[in-house]
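Spelled out from the first residue to the last, the chains are:
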Amino acid sequence: MAYTWVACEARTGLVIADLPDLSCGKVSASIGAFTTTSAALPYPGPDNASPENWERATQGGASYLVLLDDVTDQPVQGYLIGKRVADETPMLSLQNLVSLEAYFDRRFIGDKTFTQTGQNAIVAAIVAAYVAAGSNGGIPFRVLNLDGGPGALRDRTYTDISDKTVYSVLTEIMGVIGGPEWTVTWESKYVGGQRFITPVLQVGARIGVDPLAGLAPAATFDMPGNLTEFTYSEDWTAQGGATDILATSTASADSRPQSTHVVVADSSRPTLEWRFTPSTSITDVATLQQHATSEAAIIGGGVNALTLTADVEDAPRLGVDWSIGDTIGWDITTPRFSNGFRGTARAVGWELTLADVDLIAPIIAQ
C-alpha cells in the first residue's frame, strides 16, 4: 500500500499517534459534501504496531484520522470518529467515520445578517464564528479564499431559532447560480518539533483548475492503459431529464414562496416535472429562481455518469498531477466505443480503494 494513517487531536490538529496497521477499505471526497467510511485497528501486541495510546487516538469526537501519501508525505483525507465498538475479536471497530465537512452539521448558526456581502466573506465569517470557535472550542479550520476577494454580493439573514446547521447554510449558498463552491483539504506543518495536520476550507467561484487554452489536462485516464474499469450510464429516471423544474420553500397557510417554472426546451420529450426545496428558510423568490435555473442546467439533459477506476501506481497521482475540482481527461476504446470515447470534465470528487492494489476513481461532474 502507498498510504498510511495517523491520529490527530481534533481541537488542535497535533499528531498523537502513528497507525500503520489501521485498515480501511475506502476513502473519498466530494465538493460541498461529507463522505463516510469505517476502519479497524488491532490492539497493541507483538504482531502489530498499534500505539499504546490507541484509546486516546481513537476517541470519538476527540480525534480525527488522517490518511498520508507515503510518496509525498502529504495528507490526503481525514475523518472524525463517530463510533468505537469492541467485541471478542482482537480488532477495534471504528464506525461512522465522517469527513470533516460533517462537523459543519454538528454546529448551528446564530442570529446573523449579511447585506450586500461577498459570498466568500459570508462563508469565512460563518466558519470563524460557528466552526473554528465554540462553547467548548472548535476545530482549527483555516479558510482559503480561492478568488482572493469577497466574491459575488449576497443578502442573507439567519436566525438562531431557525435551527439551521452550518452545513445546511453552506449547502444552500453553494446551490444558487454563481454560488461559492467549497471543499475541505488538508495542510501539514511543524511547530516546535511537533507535527500538526489541520483542515482547510477552500471557498471560491471554482474549486480546481482548467488546463491552459489549447493544452490537454495534466491528468488523463485511458483504456487500454492505466484504467482497470469504466462505466458510462445515461439516466432519465427520477428527476433526471426533467423539462419543467420548480424550486419551492415552506408553505404558510395556502401560499408559499416559489420560483417560476423553468422549462428546458426539448423537441423529443414530453413534459417531465421536478419540484424540490433547496431550503425551508428561503423567502426571497429571486433566490428560489436561481436555484431552479441551476437545477435545470444540471438535470435537464438527463443525468449522465462516467466512472473511471485506475491503478494508483499507474495513474496520474492524486494531489500531485490532479486534485479535487481539476479538469481531467479520458481516452477510452471499448466495444461500445470502438472509434474511441474521448473528453474532459471536472473531477468533483474522488474515491480511493485501499487494498493489495490501491485504486483511484475520480468522480466526474455530470
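Right, let's talk about the packing of aromatic side chains for a bit. Scanning the entire structure with this criterion turns up 13 aromatic pairs. Taking 6.4 Å as the distance between ring centres and 70° as the angle between the ring planes, the aromatic pair formed by F114 and Y158 counts as edge-to-face. Here F114, found in strand 9 (residues 112-118), pairs with Y158, found in strand 11 (residues 153-158); they are 44 residues apart in sequence, far enough to count as distant. Note on accessibility: F114 and Y158 belong to one class, buried. Look at F230 and F337: their rings are 6.2 Å apart centre to centre, the planes differ by 50°, and that puts the pair in the tilted class. Here F337 lies in the loop between strand 20 (327-332) and strand 21 (341-353) and F230 lies in strand 15 (residues 227-235), a separation of 107 residues in the sequence. For the pair F230 and F337, one class covers both residues: buried. Members of the aromatic cluster, joined through ring pairs, are F34, F104, F141, Y167 and W182.

What follows concerns the nonpolar core. Of all hydrophobic cores here, the largest spans 49 residues; its most connected members are W5 and W350. No other element matches strand 21, which puts five residues into this core. Ignoring any residue separated from it by four or fewer positions in sequence, one finds W350 in contact with V27, S28, A29, V76, Q77, L318, W322, I324, I360, A361, P362 and I363. Core analysis: the next-biggest nonpolar cluster, separate from the first, contains 34 residues, V66, F104, I109 and V123 among them.

So, about unusual backbone geometry. With an omega of 0°, the peptide bond running from M223 to P224 counts as cis. Structurally, P224 is set in the loop between strand 14 (220-223) and strand 15. Unlike most non-glycine residues, D73 shows phi in positive territory, near 65°. Here the phi dihedral of Q116 falls at roughly 45°; this positive angle occurs in a residue that is not glycine. Of note, Q116 is situated in strand 9.

Across the sheet, which stays open at both edges, the three strands sit in the order 17-16-18 with mixed pairing between neighbours. Because the sheet does not close on itself, it has two edges, and the strands there are strand 17 (262-263) and strand 18 (273-276). Note: strand 16 (residues 244-247) against strand 17, two bridges, orientation antiparallel. From the neighbouring strand, D244 faces strand 17, where its bridge partner is V263.

Bringing the layout of surface pockets into the picture now. Considered as a void within the structure, the largest pocket measures approximately 970 Å³ in volume. Lining of the largest pocket is provided by 27 residues; of these, I31, M174, G175, S294 and I298 occupy positions nearest its centre. Among the elements that take part in the lining of the largest pocket, helix 4 (residues 285-299) stands out by supplying five residues, more than any other. Of the residues assigned to the lining of the largest pocket, the class counts are 14 nonpolar, nine polar and four charged. Each pocket or cavity is described by its volume, and for the second largest pocket that value is around 620 Å³. Taken together, 24 residues form the lining of the second largest pocket, with G61, L80, Y103, R106 and I139 sitting closest to its centre.

This brings us to the pattern of salt bridges. Two side chains of opposite charge can pair, provided their charged atoms sit close to one another. The final tally for this structure, using the stated rule, is nine salt bridges. In this structure, K26 engages E351 in a salt bridge whose closest nitrogen and oxygen atoms are separated by 3.5 Å. One end of the pair, K26, is in strand 3 (residues 26-30); the other, E351, is in strand 21, and 325 residues separate them in sequence. Classification of K26 as partly exposed rests on a relative accessible area of 40%. In this structure, the salt-bridge partner of R346 is E181, at a minimum N-O distance of 2.8 Å. Taken together, the residues R346 in strand 21 and E181 in strand 12 (residues 181-191) connect sequence positions 165 residues apart. For the pair shown, R346 and E181 are each scored as buried.

Under the 1.5 Å per step criterion, the end-to-end length of helix 2 (residues 119-130) is 16 Å for twelve residues, consistent within 8% with the ideal 16 Å. Along helix 2, the positions that sit buried rather than exposed are Q119, N120, I122, V123, I126, V127 and Y130. Buried residues of helix 2 fall within an arc of 160° about the axis and therefore sit on the same side. On its buried side, helix 2 packs onto strand 9, strand 10 (142-145), strand 11, helix 3 (166-174) and strand 13 (194-204).

Conventions used here
- Residues numbered from 1 in each chain as written.
- Predicted model: local features only at pLDDT ≥ 70, side-chain atom pairs only at ≥ 80, totals over all residues.
- Heavy atoms only, no water.
- Phe/Tyr/Trp six-rings, centres within 6.5 Å; stacked < 30°, edge-to-face > 60°.
- Helix = DSSP H or I, 4+ residues; strand = E, 2+ residues; numbered from the N terminus.
- Buried < 20%, exposed > 50% of the residue type's maximum accessible area, 1.4 Å probe, protein only.
- Core = buried A, V, L, I, M, F, W, Y, C linked by side-chain atoms within 4.5 Å.
- Contact = heavy atoms within 4.5 Å.
- Pairing = 2+ DSSP bridges.
- 1 Å grid on protein atoms, 1.4 Å probe; cavity = no way out; pocket = protein on both sides within 12 Å on 5 of 7 lines; lining within 4 Å.
- Points joined across faces, edges and corners; volume = space filled by probe spheres on them.
- Nonpolar A, V, L, I, M, F, W, Y, C, P; charged D, E, K, R; others polar.
- Salt bridge = Lys/Arg side-chain N within 4 Å of Asp/Glu carboxyl O.
- Expected span 1.5 Å × (residues − 1).
- Arc of directions from axis to C-beta.

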